[in-house]
Amino acid sequence: MALLEVLHFPNPRLRLKAQAVESVDESIRTLARDMLETMYTEGGIGLAATQVDAQKRVIVIDLSEDRNEPIYLINPEITELEGSEQMKEGCLSVPGYYDLVERAEKIRFRYLDLDGNTIEREADGLLAVCVQHEIDHLDGKLFIDYLSPLKQQRLRKKLEKQERLERHQAQVL
Ligand code: QAP
Ligand code: CO
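My aim in this report is to walk through the structure given alongside it, one point at a time. (Residues numbered from 1 in each chain as written. Chains lettered and ligands numbered in written order. Predicted model: local features only at pLDDT ≥ 70, side-chain atom pairs only at ≥ 80, totals over all residues. Heavy atoms only, no water.)

### So, the packing of aromatic side chains
By the definition in use, this model includes two aromatic pairs. Between the aromatic rings of Phe 109 and Tyr 111, the centroid separation amounts to 5.7 Å while the plane-to-plane angle is 20 degrees, which identifies the pairing as stacked. Note that Lys 141 overlies the ring of Tyr 146, its terminal NZ or CZ placed 4.7 Å from the centroid. (Phe/Tyr/Trp six-rings, centres within 6.5 Å; stacked < 30°, edge-to-face > 60°. Lys NZ or Arg CZ within 6 Å of the ring centre and 35° of its normal.)

Here's what the structure looks like:
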């Protein structure tokens, strides 16, 4: 297993569109397991391959307290959307920032699991929001894209400053 580097906004690679997985083979399973380990280490509940600079349609999610109920989604597709709700979201690629986003309240979605089996299920609440947030990543979209331009600009400045500081710290150490 290996830890992967999580890209931070405004890295332009977060805007790349991920390609469909052709066959769920050992390289995809390795990527998914490394993503899960990375997500656990960084304290996330969801991570998309785009965030670790892999342009493949692979997502890992774990909403459990004990961090032992991973869900692996390959080539996920939302087939039905219902209602709308606002939830406070965050993102490992936008560290330290949380804000309200409006999304569908209930979804049906279809994906392949790590054995290549097609699974179809419904979700509401946190899982529904998380699946929508992570599929957005595979299409190069971030939750902050839904915020006002003013908030986006402030956030960009703050994170650029933070990255500069981190690069400087790394240099003096
Ligand atoms: C997406 O986000 C999500 O800023 C997953 O310092 C979030 O795992 C969907 C995280 C909320 C629905 C609701 C963020 C960890 C993790 C941070 C995450 C941070 C440390 C975010
Ligand atoms: Co995210």
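### A short note on the coordination of the cobalt ion (ligand 2)
Perfect tetrahedral coordination of a metal by four donors corresponds to 109.5 degrees between them, and perfect octahedral coordination by six donors corresponds to 90 or 180 degrees. Coordination sphere of the cobalt ion (ligand 2), protein contribution only: Cys 91 (SG), His 133 (NE2) and His 137 (NE2), at 2.1 to 2.2 Å. Each donor residue of the cobalt ion (ligand 2) lies on one chain, and together they are spaced C-x41-H-x3-H. Of this pair, His 133 and His 137 both sit in helix α2 (residues 125-138), separated by four residues, roughly a single helical turn. Like His 137, His 133 is buried. (Donors = N, O, S within 2.8 Å, 3.2 Å for Na, K, Ca; no water. Helix = DSSP H or I, 4+ residues; strand = E, 2+ residues; numbered from the N terminus. Buried < 20%, exposed > 50% of the residue type's maximum accessible area, 1.4 Å probe, protein only.)

### Some words on the pattern of salt bridges
What the rule picks out here adds up to eleven salt bridges. Salt-bridge contacts for Asp 139 lead to Lys 17; the nearest nitrogen and oxygen are separated by 2.8 Å. Of this pair, Asp 139 sits in the loop between α2 and α3 (149-172) while Lys 17 sits in the segment before α1 (26-42); the two residues are 122 residues apart in sequence, bridging distant segments of the chain. Classification of Asp 139 as partly exposed rests on a relative accessible area of 35%. Overlapping salt bridges, with partners in common, bring together Lys 17, Arg 57 and Asp 139 in one network. (Salt bridge = Lys/Arg side-chain N within 4 Å of Asp/Glu carboxyl O.)

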